[in-house]
Amino acid sequence: MLQIYSYQNPFKPGEDKDQYCFRSVVDETVDGERLVWEIAQYNSTITEADARAVLAVLDDRVRHFVRLGYKVELPFGTVFNRANGTVAGLHKGFVPGSGNHRITSVFRFTEDAAEEMTQGAEYRLAGRGFVRVPVVRELRAVLQDGTESGNLVFKPGALLRLRGRHVSFDANDAAQGVFVRAQGGERLRIGRYTRIGSNVVEGFIPDALAAGSYEVTLVTKPGLRRYEQGVCSARITVE
């Protein structure tokens with residue numbers, strides 16, 4: 001469902017500016033498996049295996065031709081790459097990744113598809129303060145004397161303190177909480193907490209966590225079905 005909420009205009013209200021703004025979030029997703037099921041149920045002889053195979057080939061071919069520089073037309077829009085950036089002199093070439101030289105992929109809906117999806121679109125007025133996307137600002141180690149340290153090296157059982165905005169969550173929901181993950185590994189949830197507040201969360205590093213470097217992610221549930229996550233730019237090390 002499209003959830004529309006209001007919040008205070010960050011710009012100074014004036015004669016030409018209203019005090020509040022409307023924004024929206026979508027808190028439900030039709031994933032690939034649901035799409036496969038819908039195609040198979042669409043009054044046709046297409047099986048789920050057929051649909052899954054066609055979508056896989058479509059995904060591969062779209063990526064292939066866009067990478068080669070083509071515009072790829074789909075029933076509801078067009079996919080293509082475009083370049084942008086600046087250069088001091090015409091004698092200098094375009095080098096992707098150098099300075100502000102970028103190649104980005106673009107999807108542009110056809111006019112009739114965009115009109116059909118927006119005209120009569122379903123939505124719900126969620127009210128003010130609906131969105132509380134978590135923002136992780138910093139991580140700290142809590143030492144035995146209660147003081148903090150910016151040295152993010154932990155032993156299993158040590159206390160991690162996370163600061164941010166909108167970081168509170170329901171500890172009884174296994175999908176919410178603080179998670180750690182090594183590169184290429186599975187995400188592991190911190191299960192014991194001493195504090196869960198709107199700006200601070202404290203939890204113990206799991207005893208079973210192996211030595212290594214870990215990314216820290218916070219997952220909350222500000223909507224009825226929607227989960228949001230905040231990822232910290234700093235990593236922790238477990239000895």
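What this report covers is the structure whose coordinates are included nearby.

Rules of the game
- Residues numbered from 1 in each chain as written.
- Predicted model: local features only at pLDDT ≥ 70, side-chain atom pairs only at ≥ 80, totals over all residues.
- Heavy atoms only, no water.
- Helix = DSSP H or I, 4+ residues; strand = E, 2+ residues; numbered from the N terminus.
- Rg over C-alpha atoms; globule rule 2.2 N^0.38 Å.
- Buried < 20%, exposed > 50% of the residue type's maximum accessible area, 1.4 Å probe, protein only.
- Contact = heavy atoms within 4.5 Å.
- Areas by Shrake-Rupley, 256 points an atom, 1.4 Å probe, with all protein chains shown as cover.
- Pairing = 2+ DSSP bridges.
- Axes fitted to C-alpha atoms, helices over the stretch in contact; angles between N-to-C directions.

Before going further, it helps to spend a moment on the overall build of the chain. Looking only at helices and strands, the chain features three helices and 16 strands. Relative to the 2.2 N^0.38 estimate, which gives 18 Å for 239 residues, the radius of gyration of the chain is 24 Å and therefore markedly larger than a compact globule would have. Principal-axis analysis of the C-alpha atoms gives the chain an extent of 65 × 55 × 50 Å. Within the chain, the fraction of its 239 residues that count as buried is 29%. For the chain, restricting intrachain contacts to residue pairs at least 6 apart in sequence, the fraction spanning at least 24 positions comes to 55%. When the accessible area of the chain is evaluated, it comes to approximately 16,400 Å², of which 51% is carbon and sulfur surface.

Attention now goes to the side chain of Thr78. As for its placement among the helices and strands, Thr78 is situated in strand 4 (residues 77-84). For Thr78, a relative accessible area of 18% translates into the label buried. Not counting residues within four places of it along the chain, the set of residues in contact with Thr78 comprises Lys71, Val72, Glu73, Val106, Phe107 and Arg108.

On to unusual backbone geometry. Positive phi, normally seen in glycine, also occurs at Asn43, with a value near 50 degrees. Considering the arrangement of structural elements, one finds Asn43 in the loop between helix 1 (32-40) and helix 2 (48-67). On the basis of relative accessibility, which here comes to 78%, the residue Asn43 falls in the exposed class. A positive phi angle is found at His166, which is not glycine, with a value near 60 degrees. Tracing the sequence through the fold places His166 in the loop between strand 10 (159-165) and strand 11 (177-181). With relative accessibility at 24%, the residue His166 sits in the partly exposed group.

What follows concerns the sheet that holds strand 7 (residues 135-142). Strand order in the open sheet formed by five strands is 8-7-10-14-13, and the pairing between neighbours is antiparallel. At either end of the open sheet lies a strand with only one pairing partner, and these are strand 8 (148-149) and strand 13 (193-196). Pairing between strand 10 and strand 14 (residues 200-204): five bridges, direction antiparallel. Each residue of the ladder has a partner; that of Arg161, found in strand 14, is Glu202.

The next subject is the sheet that holds strand 3 (residues 72-74). Across the sheet, which stays open at both edges, the three strands sit in the order 3-4-5 with antiparallel pairing between neighbours. Each having just a single partner strand, strand 3 and strand 5 (102-109) make up the two edges of the open sheet. When the angles between neighbouring strand axes are averaged without regard to direction, this sheet yields 30 degrees. Bridge analysis of strand 3 against strand 4 gives three bridges, and the strand direction is antiparallel.

Interpretation in functional terms is not warranted from these geometric data alone.
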